[in-house]
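# Structure at a glance
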Amino acid sequence: MDMLRFATAGSVDDGKSTLIGRLLMDSKAIFEDQLEQVESTSKSKGFDYTDLSLFTDGLRSEREQGITIDVAYRYFATPRRKFIIADTPGHVQYTRNMVTGASTSDMGLVLVDARNGLTEQSRRHAVLLSLLRVPHITLAVNKMDLVDFSEDVFRKIQEEFVAFSSKLEINDLEIIPISALQGDNVVTRSENMPWYEGPSLMYHLENVQIAADRDLRDVRFPVQYVIRPHSDEFHDYRGYAGQVAGGILKKGDEVIVQPSGMTTRIAGIDRFDQEIDEAFPPMSVTVRLEDDVDVSRGDMITRVNNQAEATQDLDALVTWMTTTPLKPKQKLKIKHTTNVVRAVTKEIQYQLDVNSLHRNQEAEELKLNEIGRVKFRTTQPLMLDAYERNRVTGSFVIIDEATGNTVGAGTIV
Amino acid sequence: MTTHQDYRLSHLDELEAESIHIFREVAAEFEKPVIMFSGGKDSIVMLRLAQKAFYPAKVPFPVLQVDTGYDFPEVLATRDRWVEALGSQLIVASVEDAIRDGVVTDDGKTSRNRLQIGTLLNAIDENGFTAAFGGGRRDEEKARAKERVYSHRDEFGQWDPKNQRPELWSLYNGQLHEGEHMRVFPLSNWTELDIWHYIRSEQIEIPSIYFSHRRRVFERDGMLLSESEYNPLREGEVVDERTVRFRTAGDLTLTGCVESEADTLDAIIDEISIAKLTERGATRGDDKFSEAAMEDRKKLGYF
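Residues numbered from 1 in each chain as written. Chains lettered and ligands numbered in written order. Predicted model: local features only at pLDDT ≥ 70, side-chain atom pairs only at ≥ 80, totals over all residues. Heavy atoms only, no water.

### Some words on the overall build of chain A
Which entries qualify depends on this criterion: Segments assigned H or I by DSSP are reported as helices when at least four residues long, segments assigned E as strands when at least two residues long, and all are numbered from the N terminus. A simple rule labels every residue: compare its accessible area, found with a 1.4 Å probe on the protein chains alone, to the largest value its type can have, and call it buried under 20%, exposed over 50%, or partly exposed in between. Every residue pair with non-hydrogen atoms within 4.5 Å of one another is taken to be in contact. To be clear on the numbers: accessible area is Shrake-Rupley with a 1.4 Å probe, and residue cover counts the displayed protein chains and nothing else. The positive count covers Lys and Arg only, the negative count covers Asp and Glu only, and His and the chain ends enter neither. Charged groups are reduced to one reference atom each: NZ for lysine, CZ for arginine, CG for aspartic acid, CD for glutamic acid.
Secondary structure summary: chain A contains 8 helices and 23 strands in total. In terms of its C-alpha atoms, chain A occupies a principal-axis envelope of roughly 70 × 55 × 40 Å. By the burial criterion, 60% of the 413 residues in chain A qualify as buried. Considering only contacts within chain A whose residues lie at least 6 apart along the sequence, 68% involve residues at least 24 apart. For chain A, the exposed area adds up to about 16900 Å²; of that, 43% sits on carbon and sulfur atoms. Each charge sign in chain A was given a centre, from 48 positive and 62 negative side chains, and these centres are 4 Å apart.

### Observations regarding the sheet that holds strand 1 (residues 33-36) of chain B
Residues and elements named next belong to chain B. Note the threshold: DSSP calls a pair of strands paired once it identifies at least 2 bridges connecting them. The axes used here are C-alpha line fits, helices contributing only the stretch in contact, and every angle between their N-to-C directions lies in the interval 0 to 180 degrees.
Sheet architecture is open: 6 strands sit in the order 3-2-1-4-6-5, paired in mixed fashion. The strands lining the two open edges of the sheet, one partner per strand, are strand 3 (90-94) and strand 5 (150-153). Recorded for the sheet is a direction-independent mean angle of 30 degrees between the axes of neighbouring strands. Strand direction decides the pairing type here: strand 5 and strand 6 (residues 181-184), joined by 4 bridges, are antiparallel.

### Section: the domain arrangement of chain A
The test is simple: Residue ranges for the domains trace back to a domain assignment, done automatically or taken from a database.
Looking at chain A, the domain boundaries give domain 1 (3-213), domain 2 (220-303) and domain 3 (309-412). Spacing between the C-alpha centres of domain 1 of chain A and domain 2 of chain A amounts to 41 Å.

### So, the UniProt feature "domain: Phosphoadenosine phosphosulphate reductase" (unreviewed entry) in chain B
Here is the rule: UniProt positions are given in the numbering used here, feature names are shortened, and annotations may be inferred rather than shown by experiment.
Per the UniProt annotation, the sites labelled "domain: Phosphoadenosine phosphosulphate reductase" (unreviewed entry) are residues 33-256 of chain B. Annotated as residues 33-256 of chain B, this span is 27% helix and 20% strand, and its ends, taken at the C-alpha atoms, are 32 Å apart.

### Points about the interface of chain A and chain B
The cut-off we apply is this: Salt bridge, as used here: a side-chain nitrogen of Lys or Arg that lies within 4 Å of a carboxyl oxygen of Asp or Glu. Here a polar contact means two N or O atoms within 3.5 Å. Within protein one must be a hydrogen donor candidate and the other an acceptor candidate, and residues neighboring in sequence count only if both atoms are side-chain atoms. For this classification, the nonpolar set comprises Ala, Val, Leu, Ile, Met, Phe, Trp, Tyr, Cys and Pro, the charged set comprises Asp, Glu, Lys and Arg, and every other residue, Gly included, is treated as polar.
At the junction of the two partners, chain A supplies 87 residues and chain B supplies 69 residues. Counting the contacts that link chain A with chain B gives 10 salt bridges. Salt-bridge contacts for A:Arg297 lead to B:Glu25; the nearest nitrogen and oxygen are separated by 3.0 Å. Applying the counting criterion to the chain A and chain B interface returns 28 residue pairs in polar contact (both at pLDDT 80 or more). In the side of chain A that touches chain B, the residues fall into 39 nonpolar, 27 polar and 21 charged.

### With respect to the packing of aromatic side chains
Operational definition: For this analysis, a ring pair means two rings from Phe, Tyr or Trp (six-membered ring only for Trp) whose centres lie within 6.5 Å, classed as stacked if their planes differ by under 30 degrees, edge-to-face if by over 60, and tilted for the remaining angles. Charge-over-ring placement is defined geometrically: NZ (Lys) or CZ (Arg) within 6 Å of the ring centre, and within 35 degrees of the ring normal.
As enumerated under the stated definition, the model contains 21 aromatic pairs over all chains in all. Taking the centre distance of 5.5 Å and the plane angle of 40 degrees together, the rings of A:Phe154 and A:Trp195 count as tilted. One end of the pair, A:Phe154, is in helix 7 (residues 151-165); the other, A:Trp195, is in the loop between strand 6 (172-177) and helix 8 (201-207), and 41 residues separate them in sequence. The burial state of A:Phe154 is the same as that of A:Trp195; both residues are buried. Taking the centre distance of 6.0 Å and the plane angle of 70 degrees together, the rings of A:Phe234 and B:Tyr55 count as edge-to-face. Highlighted residues: A:Phe234 in the loop between strand 8 (225-227) and strand 9 (239-243) and B:Tyr55 in the loop between helix 2 (41-54) and strand 2 (63-67), drawn from two different chains. Members of the aromatic cluster, each reached through a chain of ring pairs, are A:Tyr225, B:Phe23, B:Phe54, B:Phe61 and B:Phe133. Here A:Arg123 stacks its cationic end above the ring of A:Phe164, 5.8 Å away from the centre of that ring.

### What about the sheet that holds strand 1 (residues 2-9) of chain A?
Residue and element names in this part refer to chain A. In spatial order, the strands read 2-3-1-4-5-6; together these 6 strands make up an open sheet with mixed pairing. Two strands in the sheet have a free side with no partner beyond their single neighbour: strand 2 (72-77) and strand 6. Between one strand and the next, the sheet's axes are offset by a mean angle of 25 degrees, whatever the strand orientation. Strand direction decides the pairing type here: strand 2 and strand 3 (residues 81-87), joined by 6 bridges, are antiparallel. For Arg-74, the partnering residue across the bridge sits in strand 3 and is Ile-85. Its contacts with the sheet put helix 5 (residues 94-103) on strand 1, strand 2 and strand 3, and the angle it makes with strand 1 is roughly 170 degrees.

### Examining the nonpolar core
We count it as follows: Throughout, nonpolar core names a set of buried Ala, Val, Leu, Ile, Met, Phe, Trp, Tyr and Cys residues whose side chains join them through atoms within 4.5 Å.
Core analysis: the largest hydrophobic core is formed by 68 residues, its most contacted members being B:Phe23, B:Ile35, B:Val45, B:Tyr150, B:Trp190 and B:Trp196. Element by element, the count of residues in this core is highest for helix 2 of chain B, at 8 residues. Once you skip the residues sitting within four places of it in the chain, B:Ile35 turns out to touch B:Phe23, B:Met46, B:Leu47, B:Ala50, B:Val59, B:Phe61, B:Pro62, B:Val63, B:Leu64 and B:Phe133. Ranked by size, the runner-up nonpolar core spans 66 residues in total, among them A:Ala9, A:Met98, A:Leu129 and A:Val141.

### Topic: the packing of helix 5 of chain A against helix 6 (residues 120-131) of chain A
Residues and elements named next belong to chain A. Inclusion rule: Here the angle decides the label: under 35 degrees means roughly parallel, over 145 means roughly antiparallel, 65 to 115 means roughly perpendicular, and every other value means oblique. By definition, any crossing whose near helix is turned counterclockwise from its far helix by less than a right angle is left-handed, and any crossing with a clockwise turn is right-handed.
Following both chains from N to C, one finds helix 5 and helix 6 inclined at 40 degrees, their axes separated by 10 Å at the closest point. Of the possible angle classes, the one that applies to helix 5 and helix 6 is oblique. Judged by the sense of rotation from one axis to the other, the crossing of helix 5 with helix 6 is right-handed. Taken together, the residues of helix 6 that come into contact with helix 5 (itself represented by Tyr-94, Thr-95, Met-98, Val-99 and Ala-102) are Gln-121, Arg-124, His-125, Leu-128 and Leu-129. Residues that form the contact of helix 5 with helix 6 fall into these classes: 6 nonpolar, 3 polar and 1 charged.

### Quick look at the side chain of A:His136
Residues and elements named next belong to chain A. For His-136, the position within the fold is in strand 5 (residues 136-142). Within the structure, the side chain of His-136 is placed 2.6 Å from the side chain of Asp-172, a separation counted as a polar contact. Within polar-contact distance, the side chain of His-136 engages the backbone oxygen of Gln-209 at 3.3 Å. Apart from the residues within four sequence positions on either side, His-136 is in contact with Asp-106, Met-107, Gly-108, Asp-172, Val-208, Gln-209, Ile-210 and Asp-213.

### Here we look at the domain arrangement of chain B
Residue and element names in this part refer to chain B. Stated precisely, the cut-off is as follows: By convention, the term buried area covers the 1.4 Å-probe accessible surface removed from two parts as they join, with the contributions of both added.
Assigned domains of chain B: these are domain 1 (11-193 + 292-300) and domain 2 (207-286). With 24 residues of domain 1 at the interface, the matching set in domain 2 holds 24 residues. Buried surface at the junction of domain 1 and domain 2, both sides included, amounts to about 1900 Å², of which 56% is carbon and sulfur. Contact with domain 2 buries surface across domain 1, with Tyr-70, Phe-72 and Glu-192 losing the most and accounting together for 35% of the total.

And the structure:
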């Protein structure tokens, strides 16, 4: 059994909570005591139906205000796969939440209301998922029961979305007509839509091919922690622990340690008390090297002929996540793989309008929830790849020096 | 020829890799981390993952248990064997001592579970811990579903659910100010069933109370509680012996058991797979005080 992570996106009344509630219910991830609690709360609020969104709105203030504040993670499993849903709220702190949820996702699930068709928000969702290089996109056209399960309505939305998405970096797109409320095409194929020949949503989630999404070409091993036991039994043991970010590491391979540039060979790869022949993403392993070279946290092990770019100049798309705007000459901290370095904003090149994809080159700052292309200079070199090539070595977060808060996310262009 | 399909991890291997990454990040970036240990199955899986993360070196932090004074003896025995195997230091913060020293107040109405909060915060403060690993999982409870892997706590140990740091990719932000600390949850993405599958595949020793056994029990508030000197019977309550097991290992005055014949890991997994109640809904009195009981405790500094 493998694991699929997906982020949901959709605007306020498109039935996202209902869909998640249904996926959880139908895969038995909701238990009787949770259902009873939700039923009794629904009743006390005077609803004549069970409000499935109460499953997902976990906090007191969310229930009081009837809104979703922050990304929440939900879990369910079928015999084929384990699923992690990053449930991102539709309207508050919109971009920031979507970007957070999408950063770890294999798939983006965008909901639209069949009655309204594609809205500006649906387009924004698609743009963001494409910027975050989420490898698979599923558009679920919901509330088909409210348009008499009309094929014409569905085809029109489908054509419009395909035309729009051709301008984006979307490699794999599936479009499914559903009714989350009644369960049409959610788990089983709907008899109400005999004209639809594609998979149900659950079938698609279970079967979408994610094996090829990880980078197995470029060896990238950010050193996280040096293991030196100093015990009698392992007196001379020196291992470099980390999580493989790309490529396949094998015993005997010639490697280079960046940024120092020293070359050596892999003497062995340990996974707990077992030596293994090869390591690939996202395995957490410990690598031993043949030569006693100086390697520490923040270094990266790669191949001589396929190195990451070691540079102090970052050129990135940045999503800004706090109320104080990002400005030129601002001092910050950047966390990239296992490095935390100080940095300064050199230049804001443009602010990107996520509706029209227009690049506003007049922009002098980035405000909360805005995306823009920014150049930074760091105090020490970082080992980078373009985000489209590797989501681990191509991404970073921005930390405010004074508050310690995470204030931005960046992807290397 | 090998294909991409050969380079996929199973979901358990992927969860393990992610948790080990988190353990190593904390060891590298925090001055003084500690593993909180409750004695339950999740804490034990945490110890196993920590052991794997640093092998062949020892786990580079101590183990902290907040002892309610009402812990199951079977749980304490397992704790001691684990701590010895790890070669770690064990720190016990006792609720009993905290009451005696006036750190927390026992008004006779507050459960020991709530008194653990002050006891824990005091222990974190006294020892100067800057990061404390907890075994919390997001699938346990809806307030937990909102929790970050790195959960920032202010100088009062409080969690502010409305002001959490966004967590992107696997880039955890460990920045702290003086007096603040981080709660870290390496098992965030695991479910109860994942924990059991992992215990089975790793053959991890867990306390015997998780397996079906004969026990003297009585019924209170719809739950089956263990007979014990700490839990005086109330009027009308009768003790009888039944075949039971526990799904969680908490304060024995509040943690109920379920009637079960499941005496092996396979049988437990079969039973959990068709269970109709959550582990907490079925057997935890401490979550029944109000709909937001967990959220309210967490805001105060609970783990």
